[in-house]
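Listed here are the chains, written in short residue letters.
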Amino acid sequence: VGHCHPDIVKAAHEQNQLLNTNSRYLHDNLVDYAERLSKTLPEKLCIFYFLNSGSEANDLALRLARQYTKHEDVIVLDHAYHGHLTSLIDISPYKFRNLEGQKEWVHVAPVPDTYRGLYREDHEDSVTAYADEVKNIIEHAHKRGRKIAAFFVESLPSVGGQIIPPAGYFQKVAEHVHKAGGVFIADEIQVGFGRVGKHFWAFQLQGEDFIPDIVTMGKPIGNGHPLACVATTKEIAEAFAATGVEYFNTFGGNPVSCAIGLAVLDVIEKEHLQAHATEVGNFLMKTLKEQQIKHPIIGDVRGCGLFIGVDLIKDQAE
C-alpha cells in the first residue's frame, strides 16, 4: 500500500502506545483480524495461524500437510522458491540445485509455462498435459513406496519467470493429489492481497470451483511489518491439534501486528487498490505489447494486474 503509508504508521503507533504482548495473552485484534481475512477467502478456509514471515508460514504449511496426511513427500514446480528455512530450501529447486541437491522425498514437476515449457500455446490441451506430468510423478513415487503429503505451489510462479498457469491446471492437479491422499498448498506470499487486480487471491484466477486446502501469506500482508499467516480447513487444523503439541508463536499475531494487518486491509479497500492494480497493469501490458511489435528481442509479454513478465529472447523461432 506504499512506503510509510500514514494509516499504517498511525495504526502501529496507536497500538504500540496501548499494548504489545506475546500472543499467550489474548487480544481482540487477533480475532478481529482473522475475521476480516476470512471474508476474503472461501468459507472452508476458516482456521488461521499467525506468524512473522512467509518462510515461517510455508514451514508450518508443510507441517500441517504432513500431520494431516501422515505422508512425507512433496511435489513442487521446477525453479520454485518457497523460503529460506532448511525445510523450504529442500523444496525450492531454485536453491537446492546449487546446494546439496534434491532430497528423495521431493519431486519436481515441470512449470506449466505455455511459452517456454514442455507444452506450449500450440498444444491441443496443455492443461491436461501439464497435470498429467504431476499424475506420472505420483504414480512413479507410489511404485517406490513413497506417499505424497502435498503439492506445494506459488499460485503464480514468480522466481520461475512470472508464469501464469493455464486456467483449470490447479483443478486437475488437485484431483490427482487428493486421490493420492495429499493436500494442495497455495503459496500467495508474492501474489496475494489484490496484486492480480481482478481477484484478491491469485489462486482465484483458476476459477470459482478451485479451493486450495492450505493458503500461505506473507510480504504484502503487513506492508513491510513482519507478519504472515496460514489459512486452512477445520479438518487439517484438528489433525494438527490432535498431536497434543499445541502450536505457539511468540510474536505471531501480536496486537501491533494485527492492528497493522487490519490497517492494510482498510487501505486496500478504501483506496480501491485492486482496481488500481487492474488499471495500471492493463496499461502496462498494452504498452509493453506495443514495444513487442517493434522489438524482436521481446518474445513474450504476460501477466495479470501488477504481476507481469517480459521474456527477452535471442531467436523468435527457437
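Cut-offs and rules
Residues numbered from 1 in each chain as written. Predicted model: local features only at pLDDT ≥ 70, side-chain atom pairs only at ≥ 80, totals over all residues. Heavy atoms only, no water. Helix = DSSP H or I, 4+ residues; strand = E, 2+ residues; numbered from the N terminus. Polar contact = N/O pair within 3.5 Å; in protein donor to acceptor, adjacent residues only side chain to side chain. Contact = heavy atoms within 4.5 Å. Buried < 20%, exposed > 50% of the residue type's maximum accessible area, 1.4 Å probe, protein only. Phe/Tyr/Trp six-rings, centres within 6.5 Å; stacked < 30°, edge-to-face > 60°. Lys NZ or Arg CZ within 6 Å of the ring centre and 35° of its normal. Core = buried A, V, L, I, M, F, W, Y, C linked by side-chain atoms within 4.5 Å. Salt bridge = Lys/Arg side-chain N within 4 Å of Asp/Glu carboxyl O. 1 Å grid on protein atoms, 1.4 Å probe; cavity = no way out; pocket = protein on both sides within 12 Å on 5 of 7 lines; lining within 4 Å. Points joined across faces, edges and corners; volume = space filled by probe spheres on them. Nonpolar A, V, L, I, M, F, W, Y, C, P; charged D, E, K, R; others polar.

> For this particular structure, what's the right way to read the side chain of Gln162?
Positionally, Gln162 belongs in the loop between strand S4 (148–154) and helix H7 (169–179). Within the structure, the side chain of Gln162 is placed 3.4 Å from the backbone oxygen of Ile308, a separation counted as a polar contact. Here Gln162 is in contact with Pro157, Arg195, Arg302, Phe307, Ile308 and Gly309, once residues within four sequence places are set aside.

> Would you take a moment to explain unusual backbone geometry for this structure?
With glycine set apart, most residues show a phi of negative sign, and most peptide bonds adopt trans. The residue Gln162 is not glycine, and still its phi comes out positive at about 50°. Residue Gln162 is classed as buried on the basis of its relative accessible area, which comes to 19%. Positive phi is not limited to glycine here, since Phe193 has a value of about 60°. If you trace the backbone, Phe193 turns up in the loop between strand S5 (183–187) and strand S6 (214–217). A relative accessible area of 7% means that Phe193 is categorised as buried.

> Even after reading the chapter, I still don't get the packing of aromatic side chains, so can you show me in this structure?
The geometry of two aromatic rings is summed up by the distance between their centres and the angle between their planes. Evaluation of the coordinates by the stated rule reveals 14 aromatic pairs. Measuring from ring centre to ring centre gives 4.9 Å for Phe184 and Phe210, while their planes differ by 75°; the resulting arrangement is edge-to-face. With Phe184 in strand S5 and Phe210 in the loop between S5 and S6, the pair connects residues that are 26 residues apart, well separated along the chain. In this structure Phe184 comes out as buried when scored by relative accessible area, which is 0%. Aromatic ring contacts, followed pair by pair, group Phe151, Tyr169, Phe170, Phe184, Phe203 and Phe210 into a single cluster. In this structure, Arg24 packs its charged tip against the face of Phe248, placed 3.9 Å from the ring centre. Taking the ring centre of Trp105 as reference, the NZ or CZ of Arg66 above it sits at 4.4 Å.

> Could you clarify how one ought to interpret the side chain of Ser55 in this entry?
Following the sequence through the fold, Ser55 ends up in helix H3 (residues 54–69). Judged by its relative accessible area of 8%, Ser55 falls in the buried class. Beyond its immediate stretch of four places on either side in the chain, Ser55 contacts Gly83, His84, Leu85 and Leu88.

> Looking at this model, I keep getting lost on the nonpolar core. Mind explaining?
For soluble globular proteins, nonpolar side chains are generally found buried alongside one another. Phe151, Tyr169 and Met217 are the most contacted members of the largest nonpolar core, which totals 53 residues. Setting aside residues no more than four positions away along its own chain, Tyr169 makes contact with Leu77, Pro110, Pro112, Val127, Tyr130, Ala131, Val134, Phe151 and Gln206. Grouped together as the second largest cluster of nonpolar side chains are 25 residues, Leu51, Leu62, Val76 and Val183 included.

> I tried to follow the pattern of salt bridges on my own but got confused; where do I start?
Where charged atoms from two side chains of opposite charge approach closely, those side chains can pair. The final tally for this structure, using the stated rule, is 15 salt bridges. In this structure, Asp73 and Arg146 form a salt bridge, with 2.9 Å as the shortest nitrogen-oxygen distance. Highlighted residues: Asp73 in strand S2 (residues 73–77) and Arg146 in the loop between helix H6 (126–143) and S4, separated in sequence by 73 residues. A salt bridge links Lys103 to Asp90; the shortest N-O distance between them is 3.2 Å. One end of the pair, Lys103, is in the loop between helix H5 (93–96) and strand S3 (106–109); the other, Asp90, is in the loop between helix H4 (86–89) and H5, and 13 residues separate them in sequence. With a relative accessible area of 12%, Asp90 lands in the buried category. Each of Glu72, Asp73, Glu104 and Arg146 takes part in one network of salt bridges that share partners.

> Explain empty space enclosed by the protein here, please?
Over the atoms a probe the size of a water molecule is rolled, and this reveals where empty space is left. Counted under the stated rule, the structure contains two cavities of 30 Å³ or more. Its volume calculated, the largest cavity comes out at about 50 Å³. In this structure, the largest cavity is lined by Leu77, Asp78, His79, Ala80, His82, Phe152, Val153, Glu154, Pro157 and Gly160. In the lining of the largest cavity, the residues fall into five nonpolar, three polar and two charged. Its boundaries defined by the atoms lining it, the second largest cavity holds a volume of some 50 Å³.

No statement about biological role is implied by the geometric values presented.
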